[in-house]
Amino acid sequence: MIPGRVSIYVATEPLDLRRSFDGLAAVVREVLRQDPLSGALFLFFNRAADRCKALWWDRSGYCLLYKRLERGTFRVPRAITPGGTSVVIDAAELAKILEGIALSPSKLRREVRLAEAAPPPAP
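About the thresholds
Residues numbered from 1 in each chain as written. Predicted model: local features only at pLDDT ≥ 70, side-chain atom pairs only at ≥ 80, totals over all residues. Heavy atoms only, no water. Helix = DSSP H or I, 4+ residues; strand = E, 2+ residues; numbered from the N terminus. Contact = heavy atoms within 4.5 Å. Salt bridge = Lys/Arg side-chain N within 4 Å of Asp/Glu carboxyl O. Buried < 20%, exposed > 50% of the residue type's maximum accessible area, 1.4 Å probe, protein only. Core = buried A, V, L, I, M, F, W, Y, C linked by side-chain atoms within 4.5 Å. Pairing = 2+ DSSP bridges. Axes fitted to C-alpha atoms, helices over the stretch in contact; angles between N-to-C directions. Lys, Arg positive; Asp, Glu negative; His and termini not counted. Polar contact = N/O pair within 3.5 Å; in protein donor to acceptor, adjacent residues only side chain to side chain.

A. Structural view of the overall build of the protein chain. Tallying secondary structure elements over the protein chain gives 2 helices and 5 strands in all. N-terminal to C-terminal, the α/β element order of the protein chain is β-α-β-β-β-β-α. If you take every contact in the protein chain between residues at least 6 apart in sequence, the share linking residues at least 24 apart comes to 60%.

B. Quick look at unusual backbone geometry. At Ala49, a residue that is not glycine, the phi angle is positive and equals roughly 60°. Position of Ala49 among the secondary structure elements: in the loop between β2 (41-45) and β3 (51-57).

C. Broad picture of the pattern of salt bridges. All chains considered together, the criterion is met by 3 salt bridges. The closest approach of N and O atoms between Arg68 and Glu70, which form a salt bridge, is 2.7 Å. Overall, the relative accessible area of 63% leaves Glu70 in the exposed class.

D. Molecular detail of the nonpolar core. Core analysis: the largest hydrophobic core is formed by 19 residues, its most contacted members being Leu41, Leu43, Phe45, Phe74 and Leu94. Going through the elements one at a time, β1 (8-11), β2, β3, β5 (86-89) and α2 (91-99) are the ones with two or more residues in this core. Each residue touching Phe45, except ones within four places of it in the same chain, is listed here: Val10, Glu13, Pro14, Leu15, Leu17, Arg51, Cys52, Phe74, Val76 and Ile97. Grouped together as the second largest cluster of nonpolar side chains are 14 residues, Leu15, Leu17, Phe42 and Val88 included.

E. Broad picture of the sheet that holds strand β4 (residues 62-68). Spatial strand order, β4-β3-β2-β1-β5: 5 strands in an open sheet with mixed pairing. Sheet topology places β4 and β5 at the edges, where each strand pairs with a single neighbour. On average, each strand axis in the sheet is inclined to that of its neighbour by 20°, with strand direction left out of account. Sheet contacts for helix α1 (residues 21-30): β2, β3 and β4; angle to β4, the most-contacted strand, approximately 95°. Against the sheet, α2 touches β1, β2, β3, β4 and β5, its axis set at about 25° to β2.

F. Layout of the side chain of Lys53. Along the chain, Lys53 falls in strand β3. For the buried Lys53, no salt bridge exists, and the shortest N-O distance to an oppositely charged side chain is 7.9 Å, to Asp16. A distance of 2.6 Å separates the side chain of Lys53 from the backbone oxygen of Arg19, its partner in a polar contact. Residues within four places of Lys53 in sequence aside, it is in contact with Leu17, Arg18, Arg19, Ser20, Leu24, Phe42, Leu43, Phe44, Leu64, Leu65 and Tyr66.

G. Up close: the pairing of β5. Burial along β5 is two-sided: the face carrying Ser86 and Val88 and the face carrying Val87 and Ile89 are both buried. Here β1 pairs with β5 via 4 bridges, running antiparallel. Residue Ile8 lies in a different strand from β5, and its bridge partner there is Ile89.

Scope: geometric values only; no functional claims are made or implied.
In structure tokens, the structure reads:
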């Protein structure tokens, strides 16, 4: 159901997964600074990393995938640079994450957005 060549953005900060379609779309716009209607897939994890939700637009509506692990945790990719909000992965890496396999940092292609930098401390 998920197209093979879709862009996949993984949020690097945990999220309250009680949000549904519109709440997750708002996070995509406001935190990840992406367009939720772009056709890209957006992956979110809870703080315990035992649940994840994926949101994507398939030209006729939002689709939502929700997975809960009975044992263990997902290996959530971390931001490559401080302040990053997401990383981009491919479909093979998504499959590995959903199976519980950790990605090496060299597999993470790029940082998507940086959070606003704090001003330097006054001297």
